[in-house]
Each structure stands twice: as C-alpha cells, then as structure tokens.
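Here is what each chain is made of, one letter per residue.
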Amino acid sequence: MSERRYRVTIEVNGVERQAEVPARLTLVDLLRDELGLTGTHVGCEHGVCGACSVMLDGEPVRSCCMFAVQADGSRVTTVEGLEQDAGKLSVLQQAFCDGHGLQCGYCTPGMLIAAQGLLDTTPDPTDAQIRDAIGGNLCRCTGYQQIVDSIKLAVARLDGRSR
Amino acid sequence: MKAAAFEYQRAESVEQACAALAEHGFDAKLIAGGQSLVPMMAMRLARPALLIDINRIAELTTSSEHGDHAVLGACARQQSVKQDQRLAARVPMLRAALAWVGHIQTRNRGTIGGSLAHADPSAELPLAACVLDARIVLRKKGSTRTVAGADFFVAPMQTAAETDECLTEVHWPLWGEQRVGCAFDEVSARHGDFAMVAAAAQVQTGEDGRCTRAAFGLGGVDAVPRAFPDLAARLVGSALAAQDIEAAANTAAGEIEPGEDLHASAAYRRHLARVLVTRVLSVARDRSRVSGANAQ
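Please read these numbers as outputs of a predicted model, since none were measured by experiment.

Caption draft 1: Focus on the side chain of Glu-45 of chain A. Positionally, Glu-45 of chain A belongs in the loop between helix H1 (27-34) and strand S3 (53-56). A distance of 2.6 Å separates a polar side-chain atom of Glu-45 of chain A from the backbone nitrogen of Met-1 of chain B. When sequence neighbours within four positions are dropped, the list of residues in contact with Glu-45 of chain A reads Asp-29 and Cys-64 of chain A together with Met-1, Lys-2 and Ala-42 of chain B.

Encoded structure:
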C-alpha cells in the first residue's frame, strides 16, 4: 500500500514552493531532501540540538519537530534566506566569519537563525539576552564564546538596525 | 529517526476535532505544538494512525477573563503567553513557570494545553496548574466537563482526559494584583532541561504582613506534580517568618517519595525539595510586599 501524500504550498525564502508529501515527512527533510536547501542541518532529530532551526512565519522553530504538512500555507526562512543579496552574506553571517563564530559549522545554520530571531526583536541585546537566545542550540567546537562575540560584532556593525 | 506512517487531518473547529476523535478513538492523537509528540513519534514511542492537527482552530488561541479566573485557550503558544504583559500581571505564575520551559524555538511552537496534556511529571506548567488548582476544560462530542488541576494528572504522561476528549481551555484562578507574590524555581542539569526538582509558590499577605492566602507545590518528585494545600493552609495567619516557611518545607519534603536516576538520588531530590520550597515561599512572600515585583 502506498503512503498517502498531501499537497503543501509553502513560501520558502520568498519563493512559493509546492510539494506532495507523506504526512510523516518532517519540515527539515522537506527543505533538504525535496527542495535541495541543505543549509539547514539535521542533528538529533528530536528537538534537542537546534541545528535544524528555521524561521516559521518570522519566528525561530525547530524544523525537525514539525511535519511538513503542518507548514502548509506558512512562510519559512532558512539560513539560505538570510543572505542580503544573491550570494552576499548578511552582516550577521559575515560577523560569524570574521569573529570565528564557527569551527566545524554543523550548528551554524541553527545559531544564525536563533541570532537573527533575537536581532529581529532586540536590535541591541545584552550578553544575557544573547546567551538566552542561543540557549537551545548546541555547539561542540567553539565553547560558545566566539559565537556570542560574533553576535556582538554583528550588533556593533548593525548599529541599531536588525539586518 | 523517522516517525512511522500516519494519516493527517487538519481540524478547522473543536467540533471537527472531537468528531474525528470519536470516530477513530485510540488510533488517533491530537497534535498541538508537537514539541513532545513529534520527538516521541520519531523515537516510535508513539505511533498514532491518525494525527488531528488543532493548531489552526481560532477559538483555541484566545484568552479572556471571566469573574475569578483567566481563560486561556489550549493552543496559546508558550512564548506569546510569556510575553503577554496583561497575563503577567493577572496570573504571574505563568511567566514565572515559562521562564524555565524549553527554549525560544520550542516555546514558539509549544502550547499551554499541550504541555498539560503531555503530563510530564517534571514539567513546569503542570506544576503551576496543580499549585493554583487551575481548571482544565475537556470537550468531547456532545459534552464538556471541567477537571480540577489536582485531579487532572493521574500518572507520568497520563491524565484524566479520555481518548475522545480535547483539552480546550485552562481556567487560571485570579488572586488579584495587590499584595500577591509568586515564585518558581528549579534545579536541572542545564537551563531548559527537565527539572530534577521544581518548586512553585504563591502567597498573599495583609497590611500587617501576615499571610492571608498561600499555595505551593513540587514537581519532579513524584509520579505527578504535587500541591500541598493542607500545609499551605497552615501558613495562613502566620507572619511567613523563616521558621514558618522552614516547617512547611520540611514537612513537604517528608511527604514526597522521589525516585532516583543517574542524575539525582532520592535523598538529593528530597534535599532539593526542602531547599526549593523554602526559597520559593520566601521569594513569594517578599514579592507580595513590593508592588509590581512579580512582573519582571
């Protein structure tokens, strides 16, 4: 018996995308395997590591903890959608490069989404707010200090703007 | 880890969700925020044949006030409740508890009703509901009933809700905004993790500083969150002095039967229970004496 498929229409990084998905396909698997957006990483697949974070209607969520069919009609922004213009890193992304905010890079898409979610609501965050915002994202390389520093570097460069 | 195959229905109304539950019974499961259910399905600890999505039912996201209680729709998102200034003033326990719940990404999806229905014995919102004795409204095809917070939690991950019932509202008692203080505290391996022990308290004090109303409880120390209404009643009339609070904390710690695991022995959990009850009652007392101290 073939598995029933459900038609979904999701705006991903500003582009309307359609897919026919089995109900059990998670949002992250849709993004990576069906839509080819492999910037979003799959870590633990049970909502602990934060690597799969994406924006759902402007708010950071874990894309492994929701089924793609549930996102029908929603707006999703992945790490690919953070770039300023085609191929140009955003201020936040550039700050992660310059501030050595990544080593292996596995957690980076989730960190960037979490940090962008913070800057969207809090353009001038305190250290505590930065640490709280990335509290749901695990990094096994940097010890977090450089990630916090990179976000602070972005805040300084943005000077009150969020992007 | 991938979930087993299932069918999916998006309910447009509570009636539709209840009709689907009535038809499919044990094979069906409601999904709200999914922050516990989706991982459980990924690990195949849960294998519903049908998932009924209640996320887009407008009436489940409303909040209002009726007489002596605030009504919160089951699908109110944890993060939006945490940021709600009016609720923070009216039911300060919600923000105090939510400060310990998950992370921004999980709170943006996770719901108030979902956390209660999941009934993890160490979760914060079930403890808050027990301590305040919130009323939980369950609807099924053709009828509605209300269950007291203290009766709702039956065993770990088990509630009084039947398989054909949908949790629709939670009624949080209003204590007023004057001379009421509340506090929530817990110890866990990392912030946002499940609590080894959690404690919550709310007290009201009179002009003379004496306690006029009190409630407190513990999570993570038993199969279900525990409130101590009898011990809290004994605090009424006292000055909530250090020895009054310590006596309540010692008695409460003696009444629980905590389990033990890799993270904490039973003796350590009992110790934490005593320390944390002392702490939350003291902080709640102090906040009751300073106007606006809860909203922080």
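Caption draft 2: Looking closely at the pattern of salt bridges. Considering all chains together, one arrives at 23 salt bridges over all chains under this definition. Where Asp-29 of chain A meets Lys-2 of chain B, a salt bridge forms, and the shortest distance between an N and an O atom there is 2.6 Å. Of this pair, Asp-29 of chain A sits in helix H1 while Lys-2 of chain B sits in the segment before strand S1 (7-10), which puts the two residues in different chains. The class for Asp-29 of chain A is buried, based on a relative accessible area of 7%. Here Lys-2 of chain B falls in the partly exposed class, since its relative accessible area comes to 39%. Lys-140 of chain B is paired through a salt bridge with Asp-164 of chain B; the nearest N and O atoms lie 3.9 Å apart. Of this pair, Lys-140 of chain B sits in strand S6 (residues 135-140) while Asp-164 of chain B sits in the loop between strand S9 (158-159) and strand S10 (166-173), and the two are 24 residues apart along the sequence. Here the salt bridges do not stand alone but share partners, grouping Glu-65, Arg-86, Arg-90 and Glu-177 of chain B into one network.

Caption draft 3: Structural detail: helix H11 (residues 242-255) of chain B. All names here are of chain B. End to end, H11 covers 20 Å across 14 residues, agreeing with the expected 20 Å (1.5 Å per residue, within 8%). All buried positions along H11 are accounted for by Ile-245, Ala-248, Ala-249, Ala-252 and Ala-253. Viewed end-on, H11 has its buried residues packed into an arc of 130 degrees, placing them on one side of the element. Away from its buried face by more than 90 degrees, H11 exposes Gln-243 and Gly-254. Among the structural elements, strand S13 (211-219), helix H10 (229-235) and helix H12 (266-288) are those in contact with the buried residues of H11.

Caption draft 4: Region of interest: a nonpolar patch on the surface. There is a patch of nonpolar side chains on the surface, built from Met-1, Met-43 and Leu-45 of chain B and spanning about 300 Å² of accessible area. For Leu-45 of chain B, the location among the structural elements is in the loop between helix H2 (37-42) and strand S3 (50-53).

Caption draft 5: Summary view of the domain arrangement of chain B. Examined at the domain level, chain B breaks down into domain 1 (7-53), domain 2 (58-173) and domain 3 (180-288). A straight line from the C-alpha centre of domain 1 of chain B to that of domain 3 of chain B covers 35 Å.

Caption draft 6: Quick look at the domain arrangement of chain A. All names here are of chain A. Along its sequence, chain A is carved into domain 1 (5-82) and domain 2 (91-158). Here the C-alpha centre of domain 2 lies 21 Å away from the C-alpha centre of domain 1. Counting from both sides, the interface comprises 18 residues of domain 1 and, opposite them, 13 residues of domain 2. Roughly 1200 Å² of surface becomes buried between domain 1 and domain 2 when both sides are summed, with 65% attributable to carbon and sulfur atoms. The largest share of the area that domain 1 buries against domain 2 comes from His-41, Val-79 and Leu-82, three residues that together contribute 37% of it. Summed over the shared surface of domain 1 and domain 2, the result is zero salt bridges. Where domain 1 meets domain 2, there are six residue pairs in polar contact (both at pLDDT 80 or more). Among the elements of the structure, S3 and strand S4 (59-62) are those that each provide at least two residues to the side of domain 1 that touches domain 2. Broken down by element, the side of domain 1 that touches domain 2 gets its largest block of residues, three residues, from S3. For the side of domain 1 that touches domain 2, the residue count by class is nine nonpolar, eight polar and one charged.

Caption draft 7: Region of interest: the nonpolar core. Of all hydrophobic cores here, the largest spans 44 residues; its most connected members are Ile-112, Leu-116, Phe-152, Trp-172 and Phe-184 of chain B. Of all the elements in the fold, those that place two or more residues in this core are strand S5 (69-73), helix H5 (92-98), helix H7 (112-118), helix H8 (124-132), S6, S10, strand S11 (180-187) and strand S12 (197-205) of chain B. Per element, the largest residue contribution to this core is seven residues, and it comes from H8 of chain B. Here this core spans two domains, and each of domain 2 (58-173) and domain 3 (180-288) of chain B adds at least three residues to it. Those residues in contact with Phe-184 of chain B that sit more than four places away from it in its chain are Met-93, Ala-96, Ala-97, Trp-100, Glu-124, Leu-127, Ala-198, Ala-199, Ala-200 and Val-280 of chain B. Residues Leu-27, Leu-30, Met-66 and Val-76 of chain A belong to the second largest nonpolar core, which totals 31 residues.

Caption draft 8: Examining the sheet that holds S11 of chain B more closely. All names here are of chain B. The antiparallel open sheet is built from four strands, whose spatial order is S11-S12-S13-S14. The strands lining the two open edges of the sheet, one partner per strand, are S11 and strand S14 (226-227). The strands touched by H12 within the sheet are S11, S12 and S13, with S11 carrying the most contacts at an inclination of about 155 degrees.

Caption draft 9: Structural detail: the interface of chain B and chain A. Across the contact, 30 residues belong to chain B and 29 residues belong to chain A. Each partner contributes to the roughly 2400 Å² buried at the junction of chain B and chain A, and carbon and sulfur atoms together form 52% of this total. On the chain B side of the interface with chain A, the three residues burying the most area are Tyr-8, Gln-105 and Arg-109 of chain B, jointly 25% of the side's total. Counting the contacts that link chain B with chain A gives four salt bridges. Summed over the shared surface of chain B and chain A, the number is 15 residue pairs in polar contact (both at pLDDT 80 or more).

Reading the values: rules and limits
Residues numbered from 1 in each chain as written. Chains lettered and ligands numbered in written order. Predicted model: local features only at pLDDT ≥ 70, side-chain atom pairs only at ≥ 80, totals over all residues. Heavy atoms only, no water. Helix = DSSP H or I, 4+ residues; strand = E, 2+ residues; numbered from the N terminus. Polar contact = N/O pair within 3.5 Å; in protein donor to acceptor, adjacent residues only side chain to side chain. Contact = heavy atoms within 4.5 Å. Salt bridge = Lys/Arg side-chain N within 4 Å of Asp/Glu carboxyl O. Buried < 20%, exposed > 50% of the residue type's maximum accessible area, 1.4 Å probe, protein only. Expected span 1.5 Å × (residues − 1). Arc of directions from axis to C-beta. Patch = residues over 30% accessible without salt bridge, like charges linked within 9 Å, V, L, I, M, F, W, Y side chains within 5 Å. Areas by Shrake-Rupley, 256 points an atom, 1.4 Å probe, with all protein chains shown as cover. Domains from an automatic or database assignment. Buried area = accessible area lost by both parts, 1.4 Å probe. Nonpolar A, V, L, I, M, F, W, Y, C, P; charged D, E, K, R; others polar. Core = buried A, V, L, I, M, F, W, Y, C linked by side-chain atoms within 4.5 Å. Pairing = 2+ DSSP bridges. Axes fitted to C-alpha atoms, helices over the stretch in contact; angles between N-to-C directions.

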